[in-house]
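Each chain, letter by letter, is given below.
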Number of protein chains: 2
Amino acid sequence: MSSIPAAVPAPPSGDEPRRGRPGYDQRQVLDIAVAAFIEHGYDATSMGVLAARLGLSKSAIYHHFPSKGDLLRLALDEALTALEGVLTAPEALQGRAADRLAFVLRGAVIVLVNNISYVTLLLRVHGNTDVERDALARRRAFDRSVTALVVEARDEGSVRSDIDPRIVTRLLFGMINSLVEWYRPGGPENTEKLADDILAVALDGLRTPTADRAG
Amino acid sequence: MSSIPAAVPAPPSGDEPRRGRPGYDQRQVLDIAVAAFIEHGYDATSMGVLAARLGLSKSAIYHHFPSKGDLLRLALDEALTALEGVLTAPEALQGRAADRLAFVLRGAVIVLVNNISYVTLLLRVHGNTDVERDALARRRAFDRSVTALVVEARDEGSVRSDIDPRIVTRLLFGMINSLVEWYRPGGPENTEKLADDILAVALDGLRTPTADRAG
DNA sequence: CGGATTACTGAACGATCGTTCACTTAGTAT
DNA sequence: ATACTAAGTGAACGATCGTTCAGTAATCCG
C-alpha cells in the first residue's frame, strides 16, 4: 500500500545557474528512470508510473527523451562504457597476464559497485529489442576480451589448465555480476575489501588456506 | 524476420491414450510458455504471441490456466520444489558439514541443468507481483539454509574464516546460478564434469594447483 | 447411437500502453 | 520590456493488453 514516492528535481548543485525554467535535466530523469526500471522491470515500468515517480506528466518525459527505448539505450551505454574503460586502462595492457587479469577483475568489481544501477539494468537485458541486442553484443565482446586474458594467464602457468578458459571466465563473472543481486551500498564492506574478498575466493577458493601454500 | 514457430501438441508418447479431444495438456502448454517467457521476458510475452507459438487462439490458453500469472506461479513452484528437494535428501542431513555442503552445491548444479528453463525463469524474477514475491521468499529461505551450512563448515575448519559466510554463499550461487546465462544442454560438457569443475573452482580457486597441497 | 470428457474458436470487453500535439510556465540574457 | 530557452501540462490517438463468454470440435466409453 505504499504510495509512489515522487522525486524532486535537484538544485543545480554549486554550478553556475542553468538557463530556462528550473526542473529536471536529462541526467536526473535518467537516474530515476533506471531506478524504476530495476524496481519494476523495464517492460513493466509504464511511462505513467515513471512520470508519477518524477512528479511530472507523461508528456514531460518526452521533452527529455524521444522514446522509452532511448532511456534504456542511454542507460545501457553508460554501463558498457564504464566497463569497457577497464580494459583500456594501462594496467590492463602491460605486465604479467595474471596481474592484468587481477586488475581487470578488480576493476570490474569497482565499476559495478560505483555504477550499480546502470550495470544492474545491463545485466537484466536479454535481447528483446534492437537496443538490447546491441548491448548484449558489446557485453559479449567484453567477455571475449577477458577470456583471452584468462587464456594468456593459463599459458603463462598462473591459472589452472584443467578447466576450459571460457568456463573459468563465466564462473568469474558469475561471481562478480552476482553483486547486483545482493550488494547494497552503505553496507559494512567497503569496495576495496569487497574486491579483495572476491579476488581471494576466485584465486584461492573457499577451502581453509593451508600453511604450506604460500602465495 | 523469423516467423513465430508454432508448436505441435506432442502425441501421448507411449502411455495409454488420453480421453477427450487430442491436443495440448497442461504440462505441454506450460513448457512452451516458460520457453516464451525466457525468450521475450515474462512481461513482454503477450498471451497473443504465446497463443501463436502454441498454434492456438488466445482463449484456448484459458482452458488450461486461469490466468497468465498462474502460468508463472506454477513454473516458479516447479523450480523451487526441485531446488528444495536437494536440501531434504539424506546426504544433505548427515555427515561432515563440508561433505553436506559439497552435496548441496553439486545437487544445485544438477537440478539447475535438469530444469534449466524453469530455474532460468525463477532467477529472472524480481518481486514485481505477489506471485514473484512469494517465489523470492522461498529462494531466500533456500539461501539461508545453505548459508547455515557454510557456517557449520567454517566452524568445522573446512572453509576459510576470513570472509563473511553470507558473502561466501552469495559468491557460490553467483557462480552456480550463472549457468542459466551460458550453459546449453548438448554441449561438450556432461553434467557430472560440469559440477566437478564448478566445485573445483569454488573450493580450490583458479590458481594453478601446487603439488604441496594435497586434498 | 448417446453421453462424457477434453480441447479449442472467434468476437468482444474495458483497461492500459507509448506517443503526439498545441499550449503554458518560469527562469536567464540583452 | 522583450527575446530566448528549457521545462512542463492535459487531452487525445490508435494499438495492444489480459480476460470473458457462448458455442463448437474431436476423441473415448458404453
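Residues numbered from 1 in each chain as written. Chains lettered and ligands numbered in written order. Predicted model: local features only at pLDDT ≥ 70, side-chain atom pairs only at ≥ 80, totals over all residues. Heavy atoms only, no water.

(A) Spatial organisation of the packing of aromatic side chains. All names here are of chain A. A complete count under the given rule lists four aromatic pairs over all chains for this structure. Centroid distance Phe142 to Phe173: 5.7 Å. Interplanar angle 70 degrees. Geometry classified as edge-to-face. Separated by 31 residues along the polypeptide, Phe142 in helix α7 (residues 130-155) and Phe173 in helix α8 (residues 165-177) bring together distant segments of the chain. Stacked on the ring of Tyr42, the Lys or Arg Lys68 has its end atom at 4.6 Å from the ring centre. (Phe/Tyr/Trp six-rings, centres within 6.5 Å; stacked < 30°, edge-to-face > 60°. Helix = DSSP H or I, 4+ residues; strand = E, 2+ residues; numbered from the N terminus. Lys NZ or Arg CZ within 6 Å of the ring centre and 35° of its normal.)

(B) Quick look at the UniProt feature "DNA-binding region" (unreviewed entry) in chain A. In the numbering used here, UniProt assigns the "DNA-binding region" (unreviewed entry) feature to residues 46-65 of chain A. In residues 46-65 of chain A, helix accounts for 75% and strand for 0%; the two terminal C-alpha atoms are 15 Å from one another. (UniProt positions renumbered as here; feature names shortened; annotations may be inferred.)

(C) Geometry of the protein's contact with DNA strand D. Close contacts around DNA strand D come from 27 residues, with Arg21, Ser57 and Ser59 of chain A together with Met47 and Tyr62 of chain B the closest. Residue Met47 of chain B places a main-chain N or O atom 2.7 Å away from a phosphate oxygen belonging to DNA strand D. For the surface near DNA strand D, the secondary-structure elements that each account for two or more residues are α3 (58-64) of chain A together with α3 (58-64) of chain B. In terms of residue class, the surface near DNA strand D is built from seven nonpolar, 11 polar and nine charged. (Near = heavy atom within 4 Å. Polar contact = N/O pair within 3.5 Å; in protein donor to acceptor, adjacent residues only side chain to side chain. Nonpolar A, V, L, I, M, F, W, Y, C, P; charged D, E, K, R; others polar.)

(D) Structural context of the pattern of salt bridges. Residues and elements named next belong to chain A. In the structure shown here, the tally under the stated rule is 36 salt bridges over all chains. Residues Asp162 and Arg160 are paired through a salt bridge, measuring 2.8 Å at the closest nitrogen-oxygen approach. On the basis of relative accessible area, Asp162 is assigned to the partly exposed category, the value being 45%. Assessed through its relative accessible area of 6%, Arg160 is described here as buried. Salt bridges linked by common partners bring Arg27, Asp31 and Glu78 together as one network. (Salt bridge = Lys/Arg side-chain N within 4 Å of Asp/Glu carboxyl O. Buried < 20%, exposed > 50% of the residue type's maximum accessible area, 1.4 Å probe, protein only.)

(E) Summary view of helix α1 (residues 26-40) of chain B. Residues and elements named next belong to chain B. With 15 residues, α1 should cover 21 Å at 1.5 Å per step; its first-to-last C-alpha distance of 21 Å lies within 8% of that length. Along α1, the positions that sit buried rather than exposed are Gln28, Val29, Leu30, Ile32, Ala33, Val34, Ala36 and Phe37. Elements in contact with the buried residues of α1: α2 (47-54), α3, α4 (68-88) and α6 (116-123). Where α1 terminates, the next one or two residues include Gly41, which has phi positive at roughly 90 degrees. (Expected span 1.5 Å × (residues − 1). Contact = heavy atoms within 4.5 Å.)

(F) Structural context of the interface of chain A and chain B. At the junction of the two partners, chain A supplies 42 residues and chain B supplies 42 residues. Across the chain A/chain B interface, buried area totals approximately 4300 Å², and carbon plus sulfur atoms make up 57% of it. Across the salt bridge formed by Arg207 of chain B and Asp204 of chain A, the nearest N and O atoms sit 2.9 Å from each other. Counting only elements with at least two residues in the side of chain A that touches chain B, the list comes to α1 (26-40), α8, α9 (179-182) and α10 (191-204) of chain A. Considering every element that reaches the side of chain A that touches chain B, the biggest residue donor is α10 of chain A, with nine residues. Looking at the side of chain A that touches chain B residue by residue, the classes come out as 17 nonpolar, 11 polar and 14 charged. (Buried area = accessible area lost by both parts, 1.4 Å probe.)

(G) Local environment of the protein's contact with DNA strand C. If you check the shell around DNA strand C, you find 27 residues, and the closest are Met47, Tyr62 and Lys68 of chain A together with Ser57 and Ser59 of chain B. If you look at DNA strand C and keep only atoms within 4 Å of the protein, 63% of those are sugar or phosphate atoms. For the surface near DNA strand C, the element with the highest residue contribution is α3 of chain B, accounting for four residues. When its residues are assigned to classes, the surface near DNA strand C shows seven nonpolar, 11 polar and nine charged.

(H) Structural context of the packing of α4 of chain B against helix α7 (residues 130-155) of chain B. Residues and elements named next belong to chain B. Axis separation between α4 and α7 bottoms out at 10 Å; the angle between their running directions is 10 degrees. Judged by the inter-axis angle, α4 sits roughly parallel to α7. Contacts between α4 and α7 involve Gly69, Leu72, Arg73, Leu76, Asp77, Leu80, Thr81, Leu83, Glu84 and Leu87 on the former and, on the latter, Val131, Glu132, Ala135, Arg138, Arg139, Phe142, Ser145 and Val146. Taken together, the residues that form the contact of α4 with α7 break down as nine nonpolar, three polar and six charged. (Axes fitted to C-alpha atoms, helices over the stretch in contact; angles between N-to-C directions. Parallel < 35°, antiparallel > 145°, perpendicular 65-115°, else oblique.)

(I) Representation of the relation of the copies chain A and chain B. Once turned by 180 degrees and shifted 0.0 Å along the axis, chain A lies on chain B with an RMSD of 0.1 Å. Such a combination of turn and shift is consistent with a two-fold rotation axis. Residue Gly205 of chain A, judged by its C-alpha, is the member of chain A lying nearest the rotation axis, at 1.9 Å. Take the interface residues of chain A: 100% of them recur as interface residues in chain B, which is what a same-surface contact looks like. (Least-squares fit on C-alpha atoms with pLDDT ≥ 70 in both.)

(J) Representation of the nonpolar core within the structure. Formed by 139 residues in total, the largest nonpolar core has its most connected members in Leu71 and Leu179 of chain A together with Leu179 of chain B. When neighbours within four sequence positions are excluded, Leu71 of chain A is seen to be in contact with Val29, Leu30, Ala33, Phe37, Leu50, Ile61 and Phe65 of chain A. (Core = buried A, V, L, I, M, F, W, Y, C linked by side-chain atoms within 4.5 Å.)

(K) Structural detail: the UniProt feature "domain: HTH tetR-type" (unreviewed entry) in chain A. Mapped onto the present numbering, the UniProt feature "domain: HTH tetR-type" (unreviewed entry) falls on residues 23-83 of chain A. Measuring from the first to the last C-alpha atom of residues 23-83 of chain A gives 31 Å, for a span that is 75% helix and 0% strand.

(L) A look at the environment of Ala135 of chain B. Along the chain, Ala135 of chain B turns up in helix α7. Its relative accessible area of 4% is what places Ala135 of chain B among the buried residues.

(M) The arrangement of the packing of α4 of chain B against α6 of chain B in detail. Residues and elements named next belong to chain B. Closest axis-to-axis distance for the α4/α6 pair is 8 Å, and the angle between their directions is 105 degrees. Here α6 runs roughly perpendicular to α4, going by the angle between their axes. Between α4, through Leu72, Ala75, Leu76, Glu78, Ala79, Leu80 and Leu83, and α6, the contact on the second element is made entirely by Tyr118, Val119, Leu121 and Leu122. Of the residues that constitute the contact of α4 with α6, the class distribution is 10 nonpolar, no polar and one charged.

(N) Summary view of α1 of chain A. Restricting attention to buried positions, one finds in α1 of chain A the residues Gln28, Val29, Leu30, Ile32, Ala33, Val34, Ala36, Phe37 and Ile38 of chain A. Looking at the buried residues of α1 of chain A, the elements they touch are α2 (47-54), α3, α4 (68-88) and α6 (116-123) of chain A.

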